[in-house]
Structures are given as C-alpha cells and as structure tokens.
Amino acid sequence: MLSPVILIPAVLNGLMAGAVYALVALGLTLIYGVLHIINFAHGALLTAAMFAAFFAFTLLGVDPYLAAFLLGPLFFAIGYALQRFIIGPAAHGEDRNFLLVTLGLAIVIENALLYFFRADTRTINLPYAFDVIEIGPAFVAMPRIIAFGAVIAVAAALWTIMRWTDTGKAIRAVAKEKLGAELCGINVAHIYAITFGLGTACVAVAACLLIPTYYVNPTAGEAFVLIAFTIVVLGGMGSIAGALIGGLCVGVVESFSSIFLGESLGQIGIFIMFIVVLLARPSGLFGARP
Amino acid sequence: MSRWQLQLSRRKFLRSTALGATAVAGLLHAPAILRAQGAAVKIGVLHPVSGALSYSGQQGRLGATMAIDDVNASGGIKALGGAKFDPMLGDAQSTPDGGNAEVEKMNAAGVCAVVGGYASAICLSASQTAARYDLPYVVDVGVVDSIVTRGLKNTFRFGPGFGVIAKTALDNLVTINDQAGKPAKTVMIVHEDSAFGAGLAKLLNAQLPDRGFQVLETISHPTPTREFDNVVLKIKAQNPDLVIPANYYNEYVLLARTMQQQRVRPKGIYSVLGGAASSYKFVKEFPEAAQYIMDCNHWFDPKNPKALDLKKRVEDKGQFFTYEVYMNYSSILLLADAIERAASTDRAKITQALASSTFSGHVMPYGPTKFVDGQNQGAAPVNTQVLGKDIQVILPVQFASAKPVFPMPPA
C-alpha cells in the first residue's frame with residue numbers, strides 16, 4: 001500500500017486538488033483579513049461562477065481556461081458592487097450584521113440558481129480533459145496541472161498587488177488600522193469593496209479551474225467552502241501564504257485519507273486536522289499570535 | 001281508515017319505494033358508467049429526471065411515455081371503453097424524499113397506479129408511501145431485493161432483483177473464466193455507497209470466494225463522484241485480474257476513462273449492473289474506454305420484432321436505446337394489461353390483476369409474467385460485451401450474438 005507507485009501519484013493528486021482549495025481559501029482569507037468578516041456567501045458565489053463558466057462553455061463555446069480571463073474581472077465587479085451597495089450599507093459597520101447579510105446573500109443566490117437551473121448536476125466534456133503528463137511513476141491529468149499553475153500565478157499576482165501597488169498598501173493599511181487609514185485620506189468603503197471584489201475574483205478563477213473536472217449544481221460550492229474555512233484556520237486567518245500552504249496540506253491529507261479510509265470518508269481527515277489545529281495552534285500556521 | 005288498509009298501503013309504499021330506490025339507483029348509476037367510458041385513466045410516472053441520476057431518469061421517462069402513447073394510439077384501455085392513459089409525470093430529484101413527495105402528490109391527484117422509481121433507494125421509499133394508500137406500484141428497475149420482500153401487497157417488480165442477477169452474473173463469470181482456462185483469480189469491487197451498490201457489493205463479497213475468486217479489496221464511493229484518481233491508484237497497486245464496478249452511469253464512465261487514462265488494464269472489467277457498461281451512449285462517446293467491458297445487466301429480447309421496432313423508433317428520435325427505456329416501456333404495458341383485465345381503475349382490483357398477471361406482450365426475454373410476492377419469476381439478466389462499436393450478447397447461448405473475448409487483449 002505504501003509503494004512509491006501509490007505514494008507519489010497520491011501526493012501529486014493531493015497537491016493539485018489542494019491548489020484549487022487554496023484559491024478558494026485565498027479569497028476567503030483576504031476578505032477576512034481586511035474586513036474582519038467571514039463571508040458566508042463565498043460558496044454561493046463559487047457556485048454562481050461555476051454556472052457562469054459552464055454556460056460560457058456550453059452556450060458560447062468559450063474554453064473554461066479562457067473564460068477565467070473574462071469571469072475574473074466580471075466577478076471582481078460583482079464582488080465590488082455587492083460590498084459597496086449591499087453588504088456595506090446593510091451591515092452598518094457591525095460585524096454581526098456582516099455575518100447575517102452574507103448568510104442571507106448566500107441563501108438568495110443559491111435559491112435563485114436552484115430556481116433557474118434546477119437541481120440537475122451538470123458537467124462538461126473537454127477533449128483534453130483526460131490527457132496526461134508523466135511525472136515519474138505518475139500520470140497526472142492535464143486539467144490538474146493547468147489548475148496548479150494557474151493558482152500559483154494568481155497567488156503570486158495577489159501577493160504582488162498587496163506588496164507593491166498603492167491599492168495593495170491601502171488594503172494593508174485598512175486591515176491594520178482602519179481609523180488611521182481613514183485619517184490618512186484612504187477611502188475605506190472603496191478599499192473594502194476592492195478587497196471583496198478581489199476575493200470574489202479568486203472564486204471565479206477557481207470555478208473556471210474546477211469546471212473541466214468537476215460538476216456543478218446549485219449546492220456544488222458548499223463542499224469547497226467548508227474546506228476553505230478549514231484552510232483559513234489552518235493557515236492563519238488573513239494570511240495569503242498560510243492559505244496557499246494550508247490548501248496544499250489539506251489536499252494531500254484528503255488524498256491520503258480517501259486512499260486509506262475510502263472515497264466516501266475522504267474528507268474525515270480534513271476535519272480531524274481542523275480540530276487538531278484548533279486545539280494545538282489556534283492562531284494557525286502563519287497567523288499572528290493573539 | 002282501517003288497520004288493514006293502513007298495513008296494505010304501508011306494504012305497497014315499501015314495495016314501491018324499494019322499486020323506486022332501485023330505479024333511481026340504476027338511473028344514477030348509468031351516467032356513472034357513461035362517464036367512465038372514454039374518461040382518462042390517471043397513472044403516476046415517477047423518475048429521477050433531475051439531480052445526479054437525471055440521465056437515467058429521463059431515459060426511463062422516455063420509455064414510459066412511448067408506451068403510454070402506444071397504448072393510447074391503439075385504442076386505449078378497451079375494457080373501459082377505450083379510455084386513454086393520462087400520465088402524471090413526477091420528478092424524484094434523485095432522492096428518496098423527492099420520490100415520496102411525488103407519490104403523495106400523485107395520490108392526492110387520484111392516480112390509480114404508479115410506475116417507475118428507477119434507483120433502488122427511491123423505489124424502496126416511494127413504494128412504501130404508495131402502500132399507505134393501497135396504490136399499486138410497478139417498480140421499473142430498482143434491484144434491491146428488499147423492495148419485494150417487505151410484504152407490501154401493492155408493489156410489483158417486473159425486472160430481476162439482486163439475488164437472481166448476482167447468481168446469473170457469477171454463474172456466467174465462472175463459465176467465461178473456465179472457457180478461457182481460468183486466467184482470473186483475484187477481484188476488486190468498486191461500488192457506489194447507496195442501497196444499490198452497497199447491497200450488490202455485499203452479495204458479491206459473500207459469493208465470490210465460493211466460486212474460487214479472491215476479493216482483494218472493496219472500494220465504495222458516493223454518487224456523484226467526480227474524481228476516481230485515488231480509486232484507480234488503489235486498483236493499480238493491488239493489480240487484480242478482474243475489476244467489478246457497480247455504480248450509476250456518470251461514475252461508471254468516469255471510472256472507465258480514468259482507468260484508461262492511468263493505463264490500468266486488468267484481464268477483464270466485468271460489471272454487474274454496470275451503470276454504463278451496456279449503454280450505447282457510452283460505447284458511442286468513449287469507444288476506447290468501453291472496449292471489451294463485460295456486463296451482466298437488463299437487456300431486451302434481441303429476437304423479439306417488437307423490441308427491434310422499439311429500438312429503431314428510439315434511435316430515430318436521436319436517443320439511445322438504454323435499459324431504462326425498454327424496462328419502463330414494458331412496465332407500462334404490463335400495467336395497461338392489468339387495468340384491461342381489472343376492467344376498472346379501482347386500486348384493489350388493479351393490484352389483484354397485477355398479482356395474477358401472465359402478460360407476454362413486453363420486449364424483455366422473460367416469458368409471460370408470473371408474480372410471486374410481487375417479484376416477476378421469469379425476470380433474468382443477460383451478459384453483454386462491448387466489441388468494436390457495438391454491444392453483443394455473449395450469454396445465455398440462446399440469445400448470444402458473439403463469443404466472449406476474455407482476457408482482454410493487451411492495448
């Protein structure tokens with residue numbers, strides 16, 4: 001059972017799956033890090049983006065990987081508008097209200113999708129979805145490799161934005177000291193909305209990477225968000241590097257637990273890890289000590 | 001007025017009122033009969049047309065509605081004055097709860113029988129709900145044996161159950177393996193984890209060792225599953241002679257394609273009720289992944305002209321002639337025959353007529369129906385194999401159109 005023929009492909013599969021989890025978690029952790037709210041609508045937005053990618057392919061014939069370049073900006077705009085015109089005004093700056101508003105938004109989005117597209121599980125068939133690349137003893141599927149590369153690219157881009165651009169500096173300033181940032185002339189409402197937009201764009205890219213090998217139905221996003229919460233806690237709330245490394249860890253843990261515990265119980269490993277992390281290191285791997 | 005006169009008049013009165021009552025009852029009754037003539041016969045047609053099983057559900061609905069159209073076109077139910085079928089189409093949404101809700105609605109709408117269910121888990125709960133209303137329920141596919149062993153008087157299964165299928169599958173596997181010089185000794189089972197897959201895996205695990213096969217591992221997975229990489233890795237590590245998948249269409253296709261992708265090629269893929277293994281859709285869309293796969297499954301009678309005509313009509317519609325289609329087509333005809341003999345839409349009478357059914361106008365290789373405790377005794381599966389771009393029957397010999405190719409030739 002522990003021969004390299006199994007171990008190497010299992011680790012690779014885990015890393016590749018984990019990369020996509022990490023991207024979903026990146027969006028979540030970014031929003032948490034700046035707005036200090038847990039975005040309950042994250043899963044519903046992921047589902048909506050998956051439907052968008054699905055219909056871009058089936059109706060317009062747009063390859064999902066190309067669609068990422070369209071849906072990324074589109075969902076950035078949607079996220080920006082949601083925060084600026086709905087979540088922000090409705091929450092009146094109260095953390096508790098943020099939770100309720102995003103939860104309500106999730107329910108509205110999911111049920112709208114259910115109403116329009118019904119409970120059907122849909123998939124797409126790409127001609128190259130079953131192409132493989134040989135890495136040692138493993139045959140790794142093409143979509144996974146593309147997804148892995150794309151996630152690394154998005155994470156690097158995000159890191160660059162945060163580190164080097166004025167907007168990034170403003171986001172970090174707001175995250176650290178909201179009042180101080182406001183006194184320096186930073187438009188906090190605008191920065192909040194930009195951050196929410198960036199988080200939503202991450203989800204849209206993740207959806208485009210998922211759709212070639214996954215299915216979409218009105219509750220498809222939920223599974224990922226539960227995992228993403230685990231990753232955010234594991235990596236440390238608000239940490240980009242933490243989300244990336246946490247995501248990869250979770251992918252590998254899931255891969256191994258589905259091999260040793262069975263496909264139906266594959267996710268048990270993740271949640272055991274979640275509990276262990278909460279007990280042993282509540283601030284996460286990269287989180288600031290309280 | 002004397003007492004005598006009074007008595008007489010009372011007797012007269014009683015006599016005349018009794019006559020009158022009979023006459024009035026007769027008069028009232030006559031229009032009732034007139035109304036029944038030509039009035040539609042409401043039946044429920046239940047399938048999981050949305051959700052994870054939607055493809056199978058839609059195929060099932062196609063078969064059922066084609067049969068309903070055929071019955072209506074050929075003059076309806078003659079014993080009811082040519083009454084036409086009025087189907088109430090229900091969507092079980094691929095869940096037992098969804099099936100229950102639809103049966104409740106159908107009962108409220110006054111259907112006289114329900115046909116369908118497709119998945120075992122849906123059939124189990126939907127037929128139980130129907131039983132509460134003494135509503136006759138004809139199971140189209142659901143194979144779990146407990147569907148007919150719960151003592152429900154309303155539930156009839158036209159097709160074969162697990163017990164028969166597993167026995168036939170194992171007998172035929174031994175025959176095929178013996179003919180090839182016993183190349184296969186070890187087996188891995190991959191099954192979905194609901195009533196159908198888990199039940200079948202349990203049966204196979206109990207019986208395979210007695211037939212000289214060693215079960216290396218049994219892997220379960222949920223429906224839907226969109227990734228079989230780890231399952232195939234495990235198969236690769238154990239390197240069994242045979243892989244036995246028992247799952248629904250999407251997962252079956254994905255498993256076969258992942259095996260092809262990861263270049264895992266056992267001596268044979270032998271499925272028992274494989275969701276896609278004897279599906280023309282699978283063979284047409286992924287001929288390489290489907291090649292040489294053997295299956296023990298529901299199959300139409302290839303020597304029955306009615307079956308071949310139906311196949312042509314389905315294919316002319318641009319649809320695939322899958323087992324859901326002909327199982328449902330036959331189930332509706334079976335119900336039509338029962339209502340014909342019951343000459344009534346009364347639920348109890350239809351149940352009685354189903355129980356005593358000897359219907360042979362269907363398209364399956366079962367012979368005339370004979371129900372014992374709700375199970376059609378003649379129902380049996382056949383063995384098929386994907387050879388080239390077609391699906392051939394390889395066993396039983398009287399229906400066979402090709403000889404089995406086993407073990408699979410190397411790629």
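Residues numbered from 1 in each chain as written. Chains lettered and ligands numbered in written order. Predicted model: local features only at pLDDT ≥ 70, side-chain atom pairs only at ≥ 80, totals over all residues.

Considerations on the domain arrangement of chain B
Residues and elements named next belong to chain B. By the assigned domains, chain B splits into domain 1 (41-160 + 302-379) and domain 2 (163-297 + 383-399). Of note, the centres of domain 1 and domain 2, computed from C-alpha atoms alone, are 28 Å apart. On the domain 2 side, the residues contacting the 20 residues of domain 1 number 18 residues. At the level of secondary structure, the elements contributing two or more residues to the side of domain 1 that touches domain 2 comprise α2 (54-73) and α4 (120-132). The element contributing the most residues to the side of domain 1 that touches domain 2 is α4, with three residues. Each residue belonging to the side of domain 1 that touches domain 2 can be placed in one class, and the counts come to 15 nonpolar, three polar and two charged. (Domains from an automatic or database assignment. Contact = placed C-beta atoms within 7 Å. Helix = DSSP H or I, 4+ residues; strand = E, 2+ residues; numbered from the N terminus. Nonpolar A, V, L, I, M, F, W, Y, C, P; charged D, E, K, R; others polar.)

A word on the confidence of the model for chain B
All names here are of chain B. Residues of chain B with pLDDT of at least 70 account for 91%, and the chain-wide mean is 88. In the predicted structure, residues 1-6 sits below a pLDDT of 50 and forms one contact with residues beyond four places in sequence or in another chain. Contacts of residues 19-37 to residues separated by more than four positions or lying in other chains number four contacts, the stretch itself having pLDDT below 50. Prediction confidence for the complex, expressed as pTM and ipTM, is 0.77 and 0.74 respectively. (pLDDT = per-residue confidence, 0-100.)

Describing the interface of chain B and chain A
Contacts between the two partners involve 25 residues from chain B and, on the opposite side, 24 residues from chain A. When residues in the side of chain B that touches chain A are grouped by element, the largest group, seven residues, is from helix α7 (residues 229-238) of chain B. Its residues assigned to classes, the side of chain B that touches chain A shows seven nonpolar, 10 polar and eight charged.

Focus: the packing of helix α2 (residues 42-60) of chain A against helix α3 (residues 64-91) of chain A
Residues and elements named next belong to chain A. Two elements in contact, α2 and α3, have axes whose closest approach is 10 Å; the angle formed by their N-to-C orientations is 135°. Judged by the inter-axis angle, α2 sits oblique to α3. Here the hand of the crossing between α2 and α3 comes out right-handed. Residues Ala-49, Ala-52, Ala-53, Ala-56 and Phe-57 of α2 form the contact with α3, whose own contacting residues are Pro-64, Ala-67, Leu-71 and Phe-75. (Axes fitted to C-alpha atoms, helices over the stretch in contact; angles between N-to-C directions. Parallel < 35°, antiparallel > 145°, perpendicular 65-115°, else oblique. Left-handed = near helix turned anticlockwise from the far one by under 90°.)

A word on α2(A)
Residue and element names in this part refer to chain A. Taking 1.5 Å as the rise per residue, α2 with 19 residues should run 27 Å; its terminal C-alpha atoms sit 26 Å apart, in good agreement. Burial within α2 is extensive, with 15 of its 19 residues counted as buried. Backbone geometry just after α2 places Gly-61 at a positive phi near 70°. (Expected span 1.5 Å × (residues − 1). Buried ≥ 20, exposed ≤ 12 C-beta atoms within 10 Å, placed from the backbone.)

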